[in-house]
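Structure at a glance
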Amino acid sequence: QKSQAWSALFSEPMSDLVKRYTSSVFFDKRLWQADIAGSLAHAEMLAAQKVIGADDLASIQKGMAQITAEIEAGQFEWKLDLEDVHLNIEARLTQLVGDAGKRLHTGRSRNDQVATDVRLWLRGEIDLIAGLLTDLQKALVGIAEQNVDVILPGFTHLQVAQPVSFGHHMLAYVEMFARDAERMADVRRRVNRLPLGAAALAGTSYPLDRERVAKTLGMDEVCQNSLDAVSDRDFAIEFTAAASLAMVHISRFSEELILWMSQNFGFIKIADRFTTGSSIMPQKKNPDVPELARGKTGRVVGHLMGLITLMKGQPLAYNKDNQEDKEPLFDTVDTLKDTLRIFAEMVGGITVVPAAMEQAAARGYATATDLADYLVKKGLPFRDAHETVAHAVKAAQSHACDLSELPLTVLQGFHPAIEKDVFDVMSLRGSLEARSTLGGTAPSQVKAQIARHRARLG
Ligand code: ARG
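Within an unreviewed UniProt entry, the label attached to the chain reads Argininosuccinate lyase, and the organism entered is Pseudorhodoferax soli. Recorded under Catalytic activity (unreviewed entry), the UniProt text for the chain is reproduced unchanged: "2-(N(omega)-L-arginino)succinate = fumarate + L-arginine". Recorded in UniProt under Sequence similarities (unreviewed entry), the annotation for the chain is "Belongs to the lyase 1 family. Argininosuccinate lyase subfamily."

**A look at the overall build of the chain**
Broken down by element type, the chain carries 20 helices and six strands. Expected size for 458 residues packed as a compact globule is a radius of gyration near 23 Å; at 31 Å, the chain overshoots this value by more than 25%. Judged by the C-alpha coordinates and their principal axes, the chain covers about 100 × 50 × 40 Å. When each of the 458 residues of the chain is scored for burial, the buried share is 40%. Restricting to contacts in the chain with at least 6 residues of sequence separation, those with at least 24 account for 76%.

**Brief notes about helix 4 (residues 54-72)**
Here helix 4 contains 19 residues, and its C-alpha end-to-end distance of 27 Å stays within 8% of the 27 Å for a straight helix at 1.5 Å per residue. Along helix 4, the residues that are buried comprise D56, L57, S59, I60, G63, M64 and I67. Projected down its long axis, helix 4 carries its buried residues within an arc of 160°, all on one side. Facing away from the buried side of helix 4, by more than 90 degrees, are the exposed residues A54, D55, A69 and E72.

**A short note on the UniProt feature "domain: Fumarate lyase N-terminal" (unreviewed entry) in the chain**
With numbering aligned to this structure, UniProt lists the feature "domain: Fumarate lyase N-terminal" (unreviewed entry) at residues 10-302. Helix makes up 63% of residues 10-302 and strand 7%. Its end C-alpha atoms lie 38 Å apart.

**A few points about the domain arrangement of the chain**
What the domain assignment lists for the chain is domain 1 (13-106), domain 2 (111-147 + 165-205 + 218-354) and domain 3 (359-457). Domain 1 and domain 3 are separated by 70 Å when their C-alpha centres are compared.

**Concerning the site of the ligand**
The full set of residues close to the ligand is S24, D28, D84, R110, N111, V114, Y318, K320, N322 and Q323. Taken together, the residues of the shell around the ligand break down into two nonpolar, four polar and four charged. Looking at the shell around the ligand, you find at least three residues from each of domain 1 (13-106) and domain 2 (111-147 + 165-205 + 218-354).

**What about the UniProt feature "domain: Argininosuccinate lyase C-terminal" (unreviewed entry) in the chain?**
What UniProt calls "domain: Argininosuccinate lyase C-terminal" (unreviewed entry) maps, in this numbering, to residues 365-433. Annotation note: span residues 365-433, helix share 64%, strand share 0%, distance between end C-alpha atoms 17 Å.

**Some thoughts on helix 16 (residues 382-398)**
Compared with the 24 Å implied by 1.5 Å per residue over 17 residues, the 24 Å span of helix 16 between its first and last C-alpha is a close match. Turning to helix 16, its buried residues number three or more, namely A385, V389 and A392. Each buried residue of helix 16 sits inside an arc of 55° when the element is viewed along its axis, so together they form one side. Facing away from the buried surface of helix 16 by more than 90 degrees, the exposed residues are R383, H391, K394, Q397 and S398.

**Notes on the environment of R435**
Within the fold, R435 resides in the loop between helix 19 (428-434) and helix 20 (443-457). Judged by the 20 C-beta atoms lying within 10 Å of it, R435 is buried. Sequence separation of R435 and P163 is 272 residues, and the distance between their C-alpha atoms is 9.8 Å. Setting aside residues up to four positions removed in sequence, R435 forms contacts with G440, T441 and A442.

**Here we look at the packing of helix 3 (residues 32-48) against helix 7 (residues 110-146)**
The geometry of a pair of packed helices is captured by two quantities: the angle between their axes and the separation between those axes. Contact geometry of helix 3 with helix 7 gives a least axis separation of 8 Å together with a crossing angle of 120°. Viewed along their axes, helix 3 and helix 7 adopt a mutual orientation that is oblique. Here the hand of the crossing between helix 3 and helix 7 comes out right-handed. Contacts between helix 3 and helix 7 involve A34, D35, A37 and G38 from the former and Q113, T116, D117, L120 and W121 from the latter. For the contact of helix 3 with helix 7, a count of residues per class yields four nonpolar, three polar and two charged.

**Observations concerning the confidence of the model for the chain**
Looking at the chain as a whole, its pLDDT mean stands at 96, while 99% of the residues score no less than 70. Model confidence for the complex is summarised by a pTM of 0.95, with the ipTM given as 0.97.

**Comments concerning the packing of helix 8 (residues 166-191) against helix 11 (residues 234-261)**
Between helix 8 and helix 11, the least distance of the axes is 9 Å, while the angle of their chain directions is 170°. Judged by the inter-axis angle, helix 8 sits roughly antiparallel to helix 11. Side by side, helix 8 and helix 11 meet where Y173, M176, F177, D180, R183, M184, V187, R190 and V191 of the first sit next to F235, E238, F239, A242, L245, A246, H249 and F253 of the second. Looking at the contact of helix 8 with helix 11 residue by residue, the classes come out as 12 nonpolar, one polar and four charged.

**So, unusual backbone geometry**
The omega torsion of the bond from L316 to A317 falls at 0°, within 30 degrees of zero and hence cis. Its location among the elements puts A317 in the loop between helix 12 (288-312) and helix 13 (326-347). Phi angles above zero are rare outside glycine, and K50 is one such case at about 65°. Among the secondary structure elements, K50 is positioned in the loop between helix 3 and helix 4. The backbone phi angle of Y365 is positive, close to 55°, even though this residue is not glycine. Tracing the backbone through its elements, the reader meets Y365 in the loop between helix 14 (354-363) and helix 15 (368-377).

**Quick notes on the environment of A144**
Locating A144 in the fold gives a position in helix 7. Judged by local crowding, A144 falls into the buried class, with 26 C-beta atoms found within 10 Å. Through-space distance from the C-alpha of A144 to that of V446 is 8.5 Å; in sequence the pair is 302 residues apart. With residues up to four places along the chain from it excluded, the contact list for A144 reads G167, M170, L171 and I450.

Cut-offs used in this document
Residues numbered from 1 in each chain as written. Predicted model: local features only at pLDDT ≥ 70, side-chain atom pairs only at ≥ 80, totals over all residues. UniProt positions renumbered as here; feature names shortened; annotations may be inferred. Helix = DSSP H or I, 4+ residues; strand = E, 2+ residues; numbered from the N terminus. Rg over C-alpha atoms; globule rule 2.2 N^0.38 Å. Buried ≥ 20, exposed ≤ 12 C-beta atoms within 10 Å, placed from the backbone. Contact = placed C-beta atoms within 7 Å. Expected span 1.5 Å × (residues − 1). Arc of directions from axis to C-beta. Domains from an automatic or database assignment. Near = placed C-beta within 6 Å. Nonpolar A, V, L, I, M, F, W, Y, C, P; charged D, E, K, R; others polar. Axes fitted to C-alpha atoms, helices over the stretch in contact; angles between N-to-C directions. Parallel < 35°, antiparallel > 145°, perpendicular 65-115°, else oblique. Left-handed = near helix turned anticlockwise from the far one by under 90°. pLDDT = per-residue confidence, 0-100.

This is the structure in structure tokens:
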């Protein structure tokens, strides 16, 4: 029985170990829809160009319809012996429709076929990811809107810095995920180009109409160099880089959720359905979901390293190394999609504890800059104001109180220009409202940003 596409030349069969080592069908079968779509577009063009007959095309279409039904019903028998998704489907087609099936591969190689399949499949996944990024942004805008007036201590160096609106903090992540969506849209432009027609590496002598195939498959352009078309996987690397950045943003957010949920912060609670208990410590509620997301980020970044290293030593044109692009790429897509989905849900299950945030802000002298700015408005040079307030903070620390708890007479001891109105300036709310530059944390600005995002996200 002839079980391989190139048998005649070979004097002995492949060993079982080599078969298992070289075969990819058990992971690349997930490309089956793209593979069939690409084959149908190719066949339809071959018929239009009179390379195959109209009857051959009809047979191919009929056979592919049956194969589709078989795969969907879980009845298709994937064979390790047939190496990959392409040869499995082609062999079944030939079994079903005879010679027409054998004509399908005219003017085509698995090299341009697989590059086309991966691009078609990835394009669909990018579109799903774009939708998930929108969902996550909407969820974040939702929680931002509910918490515009909740005051969080903003940190630098993880030391209390200045008060910020909790809504403003959430919108920072919206900006990151919006850029991730932009990057995905940009990668999509380079993914959506057609390798088919490049054949093995040099093009083909058949009168193929590549533009027609591109149009049928909804691709924006054809790849313009046959050697490049079959061999480069930079589009997959770019995608994985964009996915890695999106995961890094999720990971930073995760780190904050984990910290905020810890008893030492107590800023938020995460809905029970996103947390887990401990088998030994009855009091525990652990933030497993953000922790896993932070962990899975390492895995996706690892895939980026894997793919980029896979490419670096390859001479032109196609090399079998490229079969190794699939598992990291598939796992990147799966991990990113699951993570985005679960985060969009989990964000809606966050409860904030404003009192804990405000206490932490006060403990950290978050409005010290406001007192300095107050003195500047009274005519002091900023550097002198800064020094004056440092003395005031030192005094407050030694009394274990906030700046706003020092009596006016004590404050006036630091500078006579200080008057009663200083207490509004040193309040958390006063500080927040004062920061009204475009993109600042003043509630008026945060509300304007929310409106912008709502309009943008639809
Ligand atoms: N399974 C192969 C891959 O993923 C398909 C292309 C094989 N081409 C070849 N000339 N062996 O890259």
